[in-house]
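Reading the structure
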Protein chains: 2
Amino acid sequence: MARKDEHDKKERILDAATMEIARRGYHQTTVAVIARRAGVADGTIYLYFKNKEEILASLFGRALDRFIAEGRRKLEGLSGAEAKLRAIVELHLTLVGQDRDLAIITQVELRHSLHFLEELSRAKVGRYLGIIAEVIAEGVAGGEFRTDLDPVLAAKAVFGVLDEMATDWVLSRRNIRLEAKAPEVTALVMAMVRPVS
Amino acid sequence: MARKDEHDKKERILDAATMEIARRGYHQTTVAVIARRAGVADGTIYLYFKNKEEILASLFGRALDRFIAEGRRKLEGLSGAEAKLRAIVELHLTLVGQDRDLAIITQVELRHSLHFLEELSRAKVGRYLGIIAEVIAEGVAGGEFRTDLDPVLAAKAVFGVLDEMATDWVLSRRNIRLEAKAPEVTALVMAMVRPVS
DNA sequence: GTGTAAAATGAATGCCTATTCATTATCCTA
DNA sequence: TAGGATAATGAATAGGCATTCATTTTACAC
């Protein structure tokens, strides 16, 4: 079987898992139901994933890779820490707001156990936090931001704000677009890092 | 059996559940193991709780009630929105940092399903966010804070920062005290709401 | 078109554990 | 202290589902 089909099948399984897990929750979603939606046999899942939990991990890995790739691309074209930080806020809200199923998984289902979250956190989210911290460090060094900021701590704070907005959006049933909050959220984030004039 | 003993037994079950769930995670913790640690029979659990999930919910309810009670008490003695907001930050970090087992549950295990989180969020966390929003509104009205703040959104941002600090503390194995971050975190939070002078 | 390897299938297996409920112990009143 | 209620017990039940693997299908080279 060609490389392409193989790739497609794996993708199909991940897409199916995203839909089902978002609707039923990780623990209520059986491997059988994922297989059915993906149009493969139950056993086929295990040709592509070691076990059920690895599906969840791959799901998130794939999403975060895309997320970070797009982020880097957008950031490259910008100069100045403030512009970059604004772009991060905008991008975060836009990308999370783009796919509610995926958002449900990243904001809720992913956090289903300490062990799992620890692994994920170190390996993946750490990269993202690192990018934010770098931008803040750049701003501190260049005098755009307050000089007494600890970039690592400030990055966590920024991430906390964005993550809470995302979770709130997922939990609220109102049908507003997450992006719509970008201007206000950006203002709050910028206030955290701006020098007191 | 006296009212007191009954209460004690329920408390014992909740305490046992806190320890076991923090160590193994909600799904790996069997009702039998909670019963054993609490020193009761498996069936006894069901005299006090409708089912396993209700144990988790009660656990959190009890903790948040204490949390909010202590918060209100501390806040009463203070005047001025800035002082209150500072107190909230300090209190949040102090109380979460006081009990790591409980923190593991609130920051990780509690968020194990969308349905569960939705209920919890509306019923309980909403109260807490409301208190923060009130304080911010007071500060806006009194000119202590920026007048263009939306108190509800700003409260979410503040909560996001605090929640992320708590989660980070739970996931990091380093043995620092969470309270130690209070001054820096307070600075970040105050920066969000302070008027641009 | 035949043979071999790779991929896919899905029924069967085996494990796990929440919850129930018949039985036993304890409490309390008169 | 009798006996009716209330509380506690824990073995048995019942259902659920991840994972395996013997078998079948497909791909492809010669």
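Everything numeric in this text was worked out from a predicted model, so none of it was measured.

Basis of the calculations
- Residues numbered from 1 in each chain as written.
- Chains lettered and ligands numbered in written order.
- Predicted model: local features only at pLDDT ≥ 70, side-chain atom pairs only at ≥ 80, totals over all residues.
- Heavy atoms only, no water.
- Helix = DSSP H or I, 4+ residues; strand = E, 2+ residues; numbered from the N terminus.
- Polar contact = N/O pair within 3.5 Å; in protein donor to acceptor, adjacent residues only side chain to side chain.
- Contact = heavy atoms within 4.5 Å.
- Expected span 1.5 Å × (residues − 1).
- Near = heavy atom within 4 Å.
- Nonpolar A, V, L, I, M, F, W, Y, C, P; charged D, E, K, R; others polar.

**Quick word on the side chain of B:R146**
Note that B:R146 resides in the loop between α7 (114–141) and α8 (151–171). At 2.8 Å, the side chain of B:R146 and the backbone oxygen of B:M192 are in polar contact. Setting aside its immediate chain neighbours within four residues, B:R146 contacts A:A187, A:A191, B:V140, B:M192, B:V193, B:R194, B:P195 and B:V196.

**A word on helix α5 (residues 81–98) of chain B**
Taking 1.5 Å as the rise per residue, α5(B) with 18 residues should run 26 Å; its terminal C-alpha atoms sit 25 Å apart, in good agreement. In this structure, the buried residues of α5(B) make contact with α4 (52–76), α6 (100–107), α7, α8 and α9 (182–193) of chain B.

**Topic: the protein's contact with DNA strand C**
Taken together, the neighbourhood of DNA strand C is formed by 18 residues, with A:K9, A:T44, A:Y48, B:V31 and B:Y46 sitting nearest. Here, DNA strand C places atoms within 4 Å of the protein, and 75% of those atoms are sugar or phosphate. A:A41 places a main-chain nitrogen or oxygen 2.9 Å from a phosphate oxygen of DNA strand C. Residue A:G43 places a main-chain N or O atom 3.1 Å away from a base nitrogen belonging to DNA strand C. Of the residues forming the surface near DNA strand C, the biggest block, five residues, is contributed by helix α3 (residues 42–48) of chain A. Of the residues assigned to the surface near DNA strand C, the class counts are eight nonpolar, six polar and four charged.

**Description of the protein's contact with DNA strand D**
Taken together, 18 residues sit near DNA strand D, with A:V31, A:Y46, B:K9, B:T44 and B:Y48 positioned nearest. Of what DNA strand D places within 4 Å of the protein, 75% of the atoms are sugar or phosphate. A distance of 2.3 Å is found between a phosphate oxygen of DNA strand D and a side-chain nitrogen or oxygen belonging to B:T44. When contributions to the surface near DNA strand D are tallied by element, the ones reaching two or more residues are α3 of chain A together with α1 (3–24) and α3 (42–48) of chain B.

Remember that the coordinates give geometry; whether it matters functionally is a separate question.
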